[in-house]
Amino acid sequence: MSLNNFFDKDSFPSNATRGILAGFIGGLAGSALKSTVERFLQVRKIDEKSAQVKVMDQLAVKLTGTPIKLENEGIAEQLVNIPLGATVGAVYGYGKRDDTEVNILDGAILGGTTWASTHETSLPLLGLDRSPDKIPLKTQMHELLAHVIFGVTTEVVRGFVNEKLKQRQEEQ
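The text that follows walks through the structure, step by step, so that each part is easy to find. Keep in mind it's a predicted model, so treat the numbers as computed, not measured. Along each chain, the written sequence defines residue order, and numbers are assigned to residues from 1. The predicted nature of this model means local features are confined to residues of pLDDT at least 70 and side-chain atom pairs, given and counted, to a pLDDT of 80 or more, with totals for whole chains, interfaces and linings taken over all residues. The basis for the side-chain values is all heavy atoms of the structure; hydrogens and waters are excluded.

A few points about the layout of surface pockets
Then, in step 1: Cavities and pockets are found on a 1 Å grid laid over the protein atoms alone: a cavity is a set of points where a 1.4 Å probe fits but cannot escape, a pocket is an open set with protein on both sides within 12 Å along at least five of seven lines, and a lining residue has an atom within 4 Å of such a point. Grid points are joined across faces, edges and corners, and a volume is the space filled by probe spheres set on the points. In this structure, the largest pocket encloses a volume near 560 Å³.
Then, in step 2: Around the largest pocket, the lining comprises 20 residues; the ones closest to its centre are E38, R39, V43, R44 and E77.
Then, in step 3: It is helix α4 (residues 73-95) that contributes the most residues to the lining of the largest pocket, four residues altogether.
Then, in step 4: Following the grouping adopted for this structure description, the nonpolar residues are Ala, Val, Leu, Ile, Met, Phe, Trp, Tyr, Cys and Pro, the charged ones are Asp, Glu, Lys and Arg, and the polar ones are all others, Gly among them. For the lining of the largest pocket, the class distribution of residues is five nonpolar, six polar and nine charged.
Then, in step 5: Its volume calculated, the second largest pocket comes out at about 360 Å³.
Then, in step 6: Together, 20 residues line the second largest pocket, and Q52, V80, N81, L84 and T118 are the ones closest to its centre.
Then, in step 7: Elements that contribute at least two residues to the lining of the second largest pocket include exactly α2 (12-38), α3 (51-64), α4, α5 (104-125) and α6 (137-171). Labels follow the DSSP assignment, with helices taken as runs of H or I lasting at least four residues and strands as runs of E lasting at least two, numbered in each case from the N terminus.

Now the structure itself:
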């Protein structure tokens, strides 16, 4: 297969590449906005480390013998958040590679399922977060809202980028 065939319009590789790229960019934007929103919503106790910081702390201790300094925790958290959000967005974009319509409900579902599959299940099971029944409902709703904002932003940006890439592809 030649490189030109790989990027031919309406081919499977072309649609897949466009979908992954659009979703990746959407996930980056969604992660950035989610992180910003979480600065204003209480998503954990003030003195409680996030799951991302706990993971990075464990890695830092294995590599350097010391945990992450308090002043570097914000950066460490984003070193997990941004790639994870971009990856979730890329997978989502691949799944919607043929769908040029923006659907806000799909984005809200993406955010809600991301929250449920992390904060309500896998993070507590891995010991990185408290059990959901030990977290106040208000805190859980703030976290859910932040994730829904992530999902909706990912969908809106994915749809915009996908449309622009498709238009550019059709012009060639």
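Comments concerning the pattern of salt bridges
Then, in step 1: Salt-bridge detection follows one rule: a side-chain nitrogen of Lys or Arg within 4 Å of a carboxyl oxygen of Asp or Glu. Per the counting criterion, the structure on display carries nine salt bridges.
Then, in step 2: In this structure, E73 engages K49 in a salt bridge whose closest nitrogen and oxygen atoms are separated by 3.5 Å. With E73 in helix α4 and K49 in the loop between α2 and α3, this pair connects stretches of sequence that are 24 residues apart.
Then, in step 3: Relative accessible area serves as the criterion here: at 14%, E73 is assigned to the buried category.
Then, in step 4: Per-residue accessibility, obtained with a 1.4 Å probe over protein chains only, is compared with the maximum for each type, and a residue is labelled buried under 20%, exposed over 50%, and partly exposed between these values. The class for K49 is partly exposed, based on a relative accessible area of 33%.
Then, in step 5: In this structure, D99 and K96 form a salt bridge, with 3.6 Å as the shortest nitrogen-oxygen distance.
Then, in step 6: The class of K96 is buried, set by a relative accessible area of 10%.
Then, in step 7: Through salt bridges that share partners, K96, D99, D106, E155 and R158 make up one connected network.

Quick notes on the environment of G93
Then, in step 1: Considering the arrangement of structural elements, one finds G93 in helix α4.
Then, in step 2: By relative accessible area, G93 is classed as buried at 0%.
Then, in step 3: Sequence-wise, G93 and A146 are 53 residues apart; in three dimensions their C-alpha atoms are separated by 20 Å.
Then, in step 4: By definition, residues are in contact when any of their heavy atoms lie within 4.5 Å. If we skip the residues at most four places from it in the chain, G93 touches G19, I20, G23 and R158.

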